[in-house]
Each structure stands twice: as structure tokens, then as C-alpha cells.
Amino acid sequence: MKTATSIIDTLSMLLPAEDYSTDREHLDRMSGDSADDVAIGAPLAIVYPRTTQQVSTIVRAAAAAKVPLVPQGARSGLVGGANATDGALLLNLTRMDAIREISVADQTVTCEAGVNTKRLADAVAEHGLFYPPDPGSVSLSTIGGNVATNAGGMQCLKYGTTGRFVRAMTVVTGTGEVLELGHATAKGVAGLDLAALFVGSEGTLGIVTEVTLALLPAPGPLMGAYGVFVDMDQALEAANAIVASPFGPAALEVLDGQIIRAINELNREEVLPGDAEALLIVQSDTIDRAEADIAAFAEIFSTFGATKVVTATEPQAVSDIMNLRRQLHPATRRAYGSVLNEDIAVPRGRMRELIAGVSGIAEELGVPIATGGHVGDGNLHPLIGFDPRDPSSRALANKAFERVMALAAELGGTITGEHGVGILKRSVVGAELSPEVRAAQKAIKAVFDPAGILNPGKKL
Ligand SMILES: Cc1cc2nc3c(=O)[nH]c(=O)nc-3n(C[C@H](O)[C@H](O)[C@H](O)COP(=O)(O)OP(=O)(O)OC[C@H]3O[C@@H](n4cnc5c(N)ncnc54)[C@H](O)[C@@H]3O)c2cc1C
């Protein structure tokens, strides 16, 4: 209790009243991210720093009082990474949201960590520049959260995930030290690449307060197509042929038959053929070539047995096609009541085994599992249905969840392609990482966070 009182006294001396809160209702609202069914603790307070220096001072005070800190962006995460733990201080970066500099000459943007991802992408687009990472949560999430989770998205097939665009960052370590990591330059190999280590570290090594991101020249207008298949294997073969083609799609997504039927139910009409077992959606943004690329992809769909192919070149029609993919979550949630959202990835060559294995687990356990996601880069999101009011249904879903992750690891893949570990997947990290690797990771954490106050109980 003494600790709790002293850290709150310290906050009240450091910050104006509007920049922190101990109000229980406010804390309840801010204590969880977007994951269903993950433990949420009771925090002491939430603090909204406005400068790197304030972050450093708060961390020093927390370290002295041995109070754990939970860094937060927009809390759109899906693994409980930003969830409060008991007695923690929530360190919410959303008020550090300045875009400091957009450099056309260097093709970079420097911003504070709390800037909204879409706001940043729109701001650089006004200068003819392009920030490609596009998580489905782009209008919610922050750049700091994207860096801390190495967020992916549809266009990461062509352009890579967030980490590929990180040049440099300012971080505050668990001792309150401020470190400048990475390089402003396109190349740079002085010392170890510590900026890369912080990408995807989920707030366990330090608090990212400022980031410099690389940008690309603006691409051409997006064009798209979809193909409907009565057999998932045909769709996977078509996807392989598209990836192997010289046309480099901007996105390549799959939805299975259960999702197709859930989408029809959600829309109360048959927007897609009800007997289909797979839908592939492909996009191209290549300047002066997108229309020809889309025609080539449509041809590939037909060659591999698509029963229906639709192409789109106008923005609204292109967006209507991708909106089918965006219905994956709402449609399956409506169909199943509640879903556990998986995020596994396998080497693309093992995709067929993965999908067959997931169906086998669903059948054996009698649990509905719908599968869709980024087929182009091997990252799928099986959605495991359960009834939240029925403990036995929940237990079966959890069992299926663990079996699906073990399957991904067995196939040489990963238990998380883009959402991260957080709390949700911490107990299954051992399915993928050896004890020696986990020990090495904990030793690295101790270098940056010797008192273990940064997001304890998460990730590692
Ligand atoms: C509808 C929807 C669609 C989504 N689609 C995708 C998708 O396509 N691809 C994808 O990768 N993810 C997706 N996500 C998950 C989520 O949006 C991403 O993980 C995103 O990067 C989280 O950003 P955030 O600002 O909300 O971070 P938060 O959820 O607040 O935090 C995420 C993690 O990062 C840490 N963190 C946050 N900010 C900082 C900081 N400044 N310094 C250090 N650590 C920090 C937190 O402690 C936590 O561990 C989706 C989520 C939703 C709700």
C-alpha cells in the first residue's frame, strides 16, 4: 500500500491532473486490449506522458517503487499484451502523437509513438509517399504498438511487416535510460542492431517514444479480383501459382467455406456461392500494370478450376471485394457466438497440411473452426467458435487453440505470425522455442530491464 501511495504521490508531483488517473471507472475502461477472454488485472493508475523525458522520469519512479509498467498504444492488440496486471501502472502513449518530420528527400517520416497508423499513412500520402504496413486495425492502432508487435497486414505480402520500415527509434529502458537506436540512413551497421531487437518486443524491453520510418514512392491505384472454388486444394494451388508468377500481388487472401457461409448469413443474402469451399482475393498496385496483372491472376483462378471469377478496377468495386475479407471476424462471431482468434504461420509449402490438420482437429474435438487470412505469406487466422456461457464449450475451444498452435510449430511454423504472444500465448511459447532460446531471451530482457518491471507476465 505504501508503494501504491508513493508512486501516485510521485505522479501528482510530476504531472498535471489531466495526465494521469486513479479513477476506477476510467481504469476499468482502459485496462483491456481487444482480445476476448484474456485475464485483465486491477492497475494502480494510468498515466498519459507527453514527452520522452516524462516517460523516463515515470519509469525511474516506478523502478524505485518496484511498480510494474504496462505500455499501451491504442489497445487494439489481440493477445492481452496491453492488458493491466494487478498493481501495475498503465503507461499510455496515445497523447504523444506528433508527426515531427516528413522528408521527401530521405523518404522517411519521424513521429511520436502514439500517432495513429492511418493518420500517419494519410499524412505521408499527401507528399506522394507510401507507408505500406496496413494491419486490419490501421484506423485504430498506433505506430508504437505496430513497432512493439511488428504488425503485419494484407499488403505485407509484397512490402513486408512494420519492422522492415523501422530505421531508428528513441526508447526508454526499464531503468529510465533514454537510448537512440538504429540509423537515420538507409544503410548502417555500426554496432549491433538493437532497434531490430525492440521490434516485436511487446513492451518488455523498453518504451518506444519516437520512431523514424522508411517510406516508398506512392504505388499505382489498387485493382483486385476474387475467385471462388469448390475445393480448398484447388484454391491453394492457384495461390501457389500466383505467388510463383512474376506479377508480385499486393495482397493474396483466402477464406474457407465456413466463412463464406457466415458472410452470406451476415448479409442475409447469398453474396457468394453457398456451395463454395474457398475464396481467393488478390490485389495489384503496380503502376501501369495492375490491370494486366489482375487479368493474369483471373486467368490463374480459372486454370485451377474457379467456378466464379470477378475482377475490379474501379476503387469502389475493388474495396467491395476486400470488404468480403474484412467480414471474416464479424461474420464468424455472429455464426459461432464467440471466437478464439488464432494467428499461426507456416512455410507456404506446408499450407495444405496446415489446413487439413486444422480440419482434423475441428472434427476430432467437435469444435467449429473457420480458417482464413494471408495465404500469400503463409499466415492464417483459424477462428475457433465457442459458447461463452458454456464452460465445457470454452474448455474445448481452448484445447483446440493449443492443438492448432502445436500443429503450426510441428510444421516448422510459428504460434504467432503478427499478433504477438502477450498473455494469451505465453503458456505455449515452449511449443516453438527451446528452453535455451527462452533463457537467452530472458537474459537479454534483464540487460534492458534489470528490475523486471516492463510488462511482466507477458511475451517471454
Ligand atoms: C479489427 C482488428 C484487426 C487487426 N488486424 C491486424 C492485422 O491485420 N495485423 C496485425 O499485425 N495486427 C492486427 N490487429 C492487432 C493489433 O491492432 C496490432 O497488434 C497493433 O499493432 C496494436 O497496436 P496498438 O497501438 O493498439 O497497441 P496495443 O494493443 O496498445 O499494444 C500492443 C503491444 O505493444 C506494446 N506497446 C504499445 N505501445 C508501445 C510503445 N510505445 N512502446 C513499447 N511497447 C508498446 C503493449 O505493451 C502491447 O504489448 C488487429 C486488431 C483488431 C482489433
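Our subject is the structure that appears above.
Keep in mind the model is a prediction, meaning the values are calculated, not measured.

Caption draft 1: Looking closely at the overall build of the chain. Helix and strand counts for the chain come out as 15 helices and 19 strands. In terms of principal-axis extent, the alpha carbons of the chain reach across some 70 × 60 × 45 Å. The buried share among the 460 residues of the chain stands at 54%. The long-range share in the chain, meaning contacts at least 24 apart out of those at least 6 apart in sequence, stands at 71%. For the chain, the computed accessible surface area is about 18900 Å², with 54% contributed by carbon and sulfur atoms. Computed over 37 positive and 53 negative side-chain charges, the inter-centroid distance for the chain is 5 Å.

Caption draft 2: Region of the structure containing the sheet that holds strand 2 (residues 45-47). The four strands lie next to each other as 1-2-4-3, forming an open sheet whose pairing is mixed. A single partner strand is all that each edge strand has here, and the edge strands are strand 1 (20-21) and strand 3 (69-72). Two strands pair when backbone bridges link them, and strand 1 and strand 2 are joined in this way by two bridges, in the antiparallel orientation. Across the sheet, residue Y20 finds its bridge partner in strand 2, namely V47.

Caption draft 3: Seen up close, the site of the ligand. As a matter of local geometry, the ligand sits amid 34 residues, with P71, G73, S76, S137 and T142 nearest to it. Here A74 contributes a backbone N or O atom positioned 3.0 Å from an oxygen atom of the ligand. The pocket occupied by the ligand, as judged from atoms lying within 2 Å of grid points, is the largest pocket. Counting residues per element, the ones that place at least two in the shell around the ligand are strand 3, helix 5 (143-149) and strand 10 (206-214). Sort the elements by how many residues they give to the shell around the ligand and helix 5 lands first, with five residues. Counted by class, the shell around the ligand contains eleven nonpolar, 20 polar and three charged residues. Counting only domains with at least three residues in the shell around the ligand, you end up with domain 1 (2-92) and domain 2 (99-217).

Caption draft 4: Molecular detail of the side chain of N455. Among the secondary structure elements, N455 is positioned in the segment after helix 15 (435-448). The class of N455 is buried, set by a relative accessible area of 2%. Polar side-chain contacts of N455 include one of 3.1 Å to the backbone oxygen of G81. Looking at N455, its side chain comes within polar contact range of the side chain of K458, at 2.7 Å. Residue contacts for N455: discarding those within four places in its chain leaves L69, V70, P71, G81, E202, G203 and T204.

Reading the values: the criteria
- Residues numbered from 1 in each chain as written.
- Predicted model: local features only at pLDDT ≥ 70, side-chain atom pairs only at ≥ 80, totals over all residues.
- Heavy atoms only, no water.
- Helix = DSSP H or I, 4+ residues; strand = E, 2+ residues; numbered from the N terminus.
- Buried < 20%, exposed > 50% of the residue type's maximum accessible area, 1.4 Å probe, protein only.
- Contact = heavy atoms within 4.5 Å.
- Areas by Shrake-Rupley, 256 points an atom, 1.4 Å probe, with all protein chains shown as cover.
- Lys, Arg positive; Asp, Glu negative; His and termini not counted.
- Charge placed at Lys NZ, Arg CZ, Asp CG, Glu CD.
- Pairing = 2+ DSSP bridges.
- Near = heavy atom within 4 Å.
- Polar contact = N/O pair within 3.5 Å; in protein donor to acceptor, adjacent residues only side chain to side chain.
- 1 Å grid on protein atoms, 1.4 Å probe; cavity = no way out; pocket = protein on both sides within 12 Å on 5 of 7 lines; lining within 4 Å.
- Sits in = over half its atoms within 2 Å of the grid points.
- Nonpolar A, V, L, I, M, F, W, Y, C, P; charged D, E, K, R; others polar.
- Domains from an automatic or database assignment.

These results come straight from atomic positions and should not be treated as a statement about function.
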